[in-house]
Amino acid sequence: MKSIFTSFHFIIWFGNLLAQAPLFQSKTFSLYADKVIQENFTGKALSATELSSDYKSPANESMSPAITFKFSINGKDNEMKPGVDHHYNCLSTNGKCETPVIQFGKQSIDTRSIADNTYLQPKNELKIRLDMNEVLDAFEKNGYYTAFNGDKIFKQDFKGVYVAGNTAPLSWDFDNLVNMPPLKMNDEDKDGIYETTLVLNNPDNMKQTSGNWKLSKNVSAYPQYHSPYVFGDALYNLALEEMINAVEPDSTFRTGKEWAGVWTRDISYSIILAMAHLQPSVAKYSLLRKVNKRGRIIQDTGTGGAWPASTDRIIWATAAYELYKVTGDKAWLKQAYQIIKNSVSDDEQVCYDKESGLVKGESSFLDWREQTYPKWMQPADIYESACLGTNAVHYNANIVLSKMAFLLNDKPSIMKYKAAAERIKTAINKYLWLPEKNYYGQFRYGRNFKTLSPRSEALGEALCVLFGVAGNEKQKLVIENTPVMDFGVPCIYPQIPGIPPYHNNAVWPFVQSYFAQAAAKAGNENAVMESIAAIYRPAALWLTNKENFVASNGDFAGTQINSSNMLWSLSGSLSLVHSVLFGISYNDNSISFHPFVPKVLGGKRSLTNFVYRNAILDIEMEGFGNKIQSFFLDGKTAAPEISATLKGKHTIKIILGNNKPGGKINQVAHYVTVASPTLDGTSKKGISWNDIKGAVKYKVLKYGTTLAVTDKTFFPADYSHYGEYQVIAVDKNGVESFASEPYMTSYAGYYPIIEIEKYATKSDKAYKGFSGDGFVEISKSENTSISIPVEIKEDGLYSLDFRYANGNGPTNTENKCAIRSLKENNKQIGTVVFPQRGSGEWSNWGWSNAVKVYLKKGKHNITLTFEPANENMNGEINQAMLDYLRVIKIG
């Protein structure tokens, strides 16, 4: 009796000790077996089906009265240079403030001091007053107003003036100002003084989450998880319940509580994480919803008119293949194969860069222009960029096609797609790898000559590990060296100045989930545990799987947009159990196990009612580590891989080897780079730029590579030939800004612009700002092929681009990017894109991307033509206005 009594008490004592000792501890929070503690807040598991939390967002507390803002014509950042803002201290005793009348384009700075412990009063009304008379006078006198950067804003394009800023309801999201009515300024008495009154620090708008969650849905049809850690069990059940909530009545996925509808990248990343095996029918319906009538994958509305400025739709391919591996559905395999082939065929012609081997287009899922790119980059520049995550998903799409081709006995295609994948993989490792940092760079960007952004990009880093772009040694280096902040791995690092949290300065739990899987593949125990903690902390404190949170303070309320019950976040949480702890992965004709259990999470756990094709598996596992000591199927020793032919109910027991893989983490503090310089070459003696606050030196780039380092703000550039210059500001710690917008010097052999109206039907539309005698409309019915004779004076490498306008939509949404193939003497030499530049702004002229081609001396015929691969996502409107062709000898 004494022995039994002692053992019983030992178990109670050990259980209490387990609950009290932190499983994970950082500077900011601690994770226990039954709770998470962050400062004064606690999220606690009362049982496996109930959670409580006392978390309150600090976003509305201690809010500074210092308001930073600037004005915006037509929702563009066009009042003053980047980094030059208006400053006003909203110091009031009666809850009301009023700015002086501020002249558009003239900085206003409030010099009043703010005493310590002075905060913005709740429901403080702020009237902002703006003098627009100089702009309006220019409209009447010239027909246009010239912005600080030389852009002409024509009277007929004027849609309104808005205010952007740092304190809600102000926002720095220029592209969406037009969708925020309180931020539009009005001139009621027509005296040229525009006003708006905003309510700041409004407690009525305070973002809150629930204080209690209790399982209310029947989740018994799904795999049931049990472990010694009630905290993880409860969060697993929370994710299952939210998964049920995320299915619409039409049996498609809802992206999030605040995000209705089916979005290609959201459902695809979610299906890969967990939804393929948990909701295969819903996954299939949702994937098919994102296929257009031409049998191509849909790129959701986005930068400059969707595809091809954004090209990550192809992640659909990996999701579709995951669904096949789960179900073994040959009809689906055949159907998905053709859809992916069609889409990749268009991508090959429009988005694959023959020069570098990389794929063009916006960073995967990071689809908010200034959140991850320098402000000077237009959608045409983003199309020309080559981004890490997007290239990783294109690599894997070609791998998927080669595997599908093998399964469908399409022998000629097997090697074709393997070779395409290998070209992309080789290019990623050649052009995007940063040996001095031991991870991949964010993207290549520029104009005719590209440079590499040394920022990390978390999803891309993880996908390069998971998809095998990185070899074994690089996999370990990537996980050990990718920057990790106190609350998790940020989307990008370091952060961009003057940009509020969303992708910048933010952690997205679904990205963290992919990073957890990559860490497990690389054998890094500490990175796996850090990822689990980074995903469990927010879910436990907010009792929902949020879309994102601020990387620097861990709060959900500080990002520009957020949603509860987020599909890819909850899918990521479930994947921690299925794909990481139990290490379940799917093959063409089998399911295999590669468990990874950090030592602190060791013990016995089970996953029952796990369905694999025609089998139901009850899985029991004990121990820790990432090596299997013993694997039993129905009590008999077996290999940790189960054939797809297995039927009925079976038991699996896994005993781990209790090894300790270890591994390092690159823990970093919040860091914001200095701003990017703005170049000016009007002196013709060289290039100059604005002095950047915090910069101690400047790197001068020519043709995308470093030419010089200086502490001056002037460099004696050579104007006797073509040159393309950029400048990077460097702070005292050697951390770099984004490179400036490229500046082209004059050069010998400059070719005059070629007015297109000489070679095609001139438009009769009354738009302004064009050169020559007019401009030409291109659409699916107008000028579908335009031939332009060009005489070249000497052999060399040339850059060809077009001055154009596209007012079919804003720069950040919709799907009306115009696309054309460019040919030289009937040979295709590239693709030219004409992204949207502003809704209704047909006098807003800018540059397309440039196509580089080697031309010999003599006469050439340059043809701009509409080809089947140039169909955009809209399908109907594929239109732009063309002013002239520019031919530049660049080498």
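Basis of the calculations
- Residues numbered from 1 in each chain as written.
- Predicted model: local features only at pLDDT ≥ 70, side-chain atom pairs only at ≥ 80, totals over all residues.
- Heavy atoms only, no water.
- Core = buried A, V, L, I, M, F, W, Y, C linked by side-chain atoms within 4.5 Å.
- Buried < 20%, exposed > 50% of the residue type's maximum accessible area, 1.4 Å probe, protein only.
- Helix = DSSP H or I, 4+ residues; strand = E, 2+ residues; numbered from the N terminus.
- Contact = heavy atoms within 4.5 Å.
- Salt bridge = Lys/Arg side-chain N within 4 Å of Asp/Glu carboxyl O.
- Pairing = 2+ DSSP bridges.
- Axes fitted to C-alpha atoms, helices over the stretch in contact; angles between N-to-C directions.
- 1 Å grid on protein atoms, 1.4 Å probe; cavity = no way out; pocket = protein on both sides within 12 Å on 5 of 7 lines; lining within 4 Å.
- Points joined across faces, edges and corners; volume = space filled by probe spheres on them.
- Nonpolar A, V, L, I, M, F, W, Y, C, P; charged D, E, K, R; others polar.

1. Concerning the nonpolar core
- Counting 189 residues, the largest nonpolar core has Met275, Trp316, Tyr440, Phe510, Leu574 and Ile619 as the members making the most contacts within it.
- When residues of this core are assigned to their parent elements, the largest contribution, 11 residues, is made by helix H15 (residues 525-542).
- Sequence-distant contacts of Leu574, that is, excluding residues within four places in its chain, are made with Tyr236, Ala239, Leu240, Met243, Ala274, Met275 and Leu278.
- If you look at the next biggest cluster of nonpolar residues, it comprises 34 residues, including Ile67, Phe69, Ile102 and Ile153.

2. Let's talk about the pattern of salt bridges
- Under the counting rule described, the total for this entry stands at 40 salt bridges.
- With a shortest N-O distance of 2.7 Å, Lys155 and Glu140 are connected by a salt bridge. Highlighted residues: Lys155 in the loop between strand S11 (152-154) and strand S12 (161-165) and Glu140 in helix H2 (residues 133-142), separated in sequence by 15 residues.
- In this structure Glu140 comes out as exposed when scored by relative accessible area, which is 57%.

3. Some words on the sheet that holds strand S50 (residues 858-865)
- The strand order across the open sheet formed by four strands is S44-S50-S46-S47, and the pairing between neighbours is antiparallel. At either margin of the open sheet sits one strand with a lone partner, and together these are strand S44 (785-792) and strand S47 (827-834). Within this sheet the neighbouring strands show an average axis-to-axis angle of 25°, counted without direction.
- Where strand S46 (residues 818-824) and S47 come together, seven bridges link them in antiparallel fashion. When the bridges of S47 are listed, Lys823 appears paired with Gln828.

4. A word on empty space enclosed by the protein
- Inspection of every chain in the model, using the stated rule, returns three cavities of 30 Å³ or more.
- If you add up the space inside the largest cavity, you get close to 110 Å³.
- As for the largest cavity, its lining consists of 15 residues, of which Tyr229, Gly232, Ile532, Tyr536 and Leu601 are closest to the centre.
- Of all the secondary-structure elements, those providing two or more residues to the lining of the largest cavity are helix H3 (230-245) and H15.
- When grouped by side-chain class, the residues that make up the lining of the largest cavity number 12 nonpolar, two polar and one charged.
- Approximately 50 Å³ is the volume attributed to the second largest cavity.
- Forming the boundary of the second largest cavity are Pro509, Ile535, Pro538, Ala539, Trp542, Thr544, Asn545, Lys546 and Ser569.
- Here the element with the most residues in the lining of the second largest cavity is H15; it accounts for four residues.
- Tallied by class, the residues present in the lining of the second largest cavity amount to five nonpolar, three polar and one charged.

These figures capture arrangement, not role.
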